[in-house]
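One letter stands for each residue in the lines below.
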Amino acid sequence: MEPDLHELLASLRVWDPEFTELPALDPATAPTTPLPLFARWLAEAAAAGQPEPHTMSLATTDEEGRPDVRIVMLHGADAAGWSFATHAGSRKGRQLAARPHAALAFYWPVRGRQVRVRGPVTAAPPEEAHSDLHARSTGALAAALTGHQSEVLDSLDELTRASESAWERARSAPDTEVPSWTLYRLQPAEAEFFQGDAQRRHVRLRYRRTPDGWARELLWP
């Protein structure tokens, strides 16, 4: 018997006190730039037991301006930008080539926190993409070598054969080049930090890049 979707949704709750702690966010003590606060929040989410805190939603738009979103892994965050990787010929790669802007969203329910970042995206030099990929696991290289990301797949058997071949190559030649693999960097124009509150007085602190540096402002929840 299929579950009743409306009953299921009505039964669900967020920020259960048994699993979630809602710390305060004092904007007056926040750093002047967003990266240190992001690094702190990421570390605190990991320490609190948040599964896969480095995963994020990546939103792009296609050539006609239609939105698209998926979950990817954060590869790094520094002065050069927030970085992630994919094949240049994948759907998101093609979309970024046509419209090189994107938005990221992190959600860490164990702390009642969200971080949203958006801005222009650029591709890192190929040698940096190569270094990034080969610093990761054999499985990451095998997945990249399997290729054909976002293309139509005829059958799961075809995927199995391609994946087995890629795994063999990744193990025997771990420095294999994957020319289509691209490291992208999003340079934030805005970064918003959302701290949930049990009385729904959520704190939203937005950093906005200006010609004179970062401006900070509060937003209504």
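Scroll up a little and you will see the structure.
A brief report on the enclosed structure follows.

Conventions we followed
Residue positions are counted from 1 within each chain, in the order its sequence is given. Restriction of local features to residues with pLDDT of at least 70 applies here, the model being predicted, together with a cutoff of 80 or more for giving and counting side-chain atom pairs; totals for whole chains, interfaces and linings are based on all residues. Processing note: side-chain calculations cover all non-hydrogen atoms of the structure and skip hydrogens and water entirely. Only runs of H or I of at least four residues qualify as helices and only runs of E of at least two qualify as strands under DSSP, and these elements are numbered from the N terminus. It only takes one pair of heavy atoms within 4.5 Å for two residues to be counted as in contact. For accessible areas, the Shrake-Rupley method is used with a probe of radius 1.4 Å. Any residue's cover is judged against the shown protein chains and nothing else. In this count, Lys and Arg are taken as positive residues and Asp and Glu as negative ones, while His and the chain termini are left out. One atom stands in for each charge, and that atom is NZ of Lys, CZ of Arg, CG of Asp or CD of Glu. Buried residues of nine kinds, namely Ala, Val, Leu, Ile, Met, Phe, Trp, Tyr and Cys, make up a nonpolar core once their side-chain atoms join them within 4.5 Å. Burial classes: relative accessible area under 20% of the type maximum marks a residue as buried, over 50% as exposed, and values in between as partly exposed (1.4 Å probe, protein chains only). Aromatic rings from Phe, Tyr and Trp, taking only the six-membered ring of Trp, are treated as a pair when their centres fall within 6.5 Å; an angle between ring planes under 30 degrees marks them as stacked, one over 60 as edge-to-face, and anything in between as tilted. Salt bridge criterion: a side-chain nitrogen from Lys or Arg within 4 Å of a carboxyl oxygen from Asp or Glu.

## Remarks on the overall build of the protein chain
Moving on, step 1. Counting its regular elements, the protein chain contains 6 helices and 10 strands.
Moving on, step 2. Considering only contacts within the protein chain whose residues lie at least 6 apart along the sequence, 65% involve residues at least 24 apart.
Moving on, step 3. Carbon and sulfur atoms make up 54% of the accessible area of the protein chain, which amounts to about 13400 Å² in all.
Moving on, step 4. Each charge class in the protein chain was averaged separately, 24 positive and 30 negative side chains, and the resulting centres sit 7 Å apart.

## Observations regarding the nonpolar core
Moving on, step 1. Among the nonpolar cores identified, the biggest contains 26 residues, and Phe38, Phe84, Leu104, Phe106, Val115 and Phe193 are the most heavily contacted of them.
Moving on, step 2. Elements with a minimum of two residues in this core: helix H2 (34–47), strand S1 (55–61), strand S4 (81–87), strand S5 (101–108), strand S6 (113–123), strand S7 (181–186), strand S8 (190–195) and strand S9 (203–210).
Moving on, step 3. Residue contacts for Phe84: discarding those within four places in its chain leaves Met56, Leu58, Val72, Met73, His75, Leu96, Val121, Thr182, Leu183 and Tyr184.
Moving on, step 4. Among the nonpolar cores identified, the runner-up in size contains 13 residues, and Ala85, Ala129, Ala142 and Trp181 belong to it.

## Considerations on the packing of aromatic side chains
Moving on, step 1. With the rule as written, the count across this model stands at 9 aromatic pairs.
Moving on, step 2. Seen in terms of ring centroids, Trp15 and Phe194 are 6.5 Å apart; in terms of plane orientation they differ by 45 degrees. Their pairing is tilted. Residue Trp15 is found in the loop between helix H1 (5–11) and H2, and its partner Phe194 is found in strand S8; the two are separated by 179 residues along the sequence. The pair formed by Trp15 and Phe194 is uniform in burial state, with each residue classed as buried.
Moving on, step 3. For the pair Phe38 and Trp108, a centre-to-centre distance of 6.1 Å together with 40 degrees between the ring planes defines the contact as tilted.

## Looking at the pattern of salt bridges
Moving on, step 1. One pass over the full model with this rule turns up 14 salt bridges.
Moving on, step 2. In this structure, Arg111 and Glu21 form a salt bridge, with 2.9 Å as the shortest nitrogen-oxygen distance. With a gap of 90 residues between them, Arg111 in the loop between S5 and S6 and Glu21 in the loop between H1 and H2 connect regions that are remote in the sequence.
Moving on, step 3. Overall, the relative accessible area of 12% leaves Arg111 in the buried class.
Moving on, step 4. Judged by its relative accessible area of 47%, Glu21 falls in the partly exposed class.
Moving on, step 5. With a closest N to O distance of 2.7 Å, Arg204 and Glu192 form a salt bridge.

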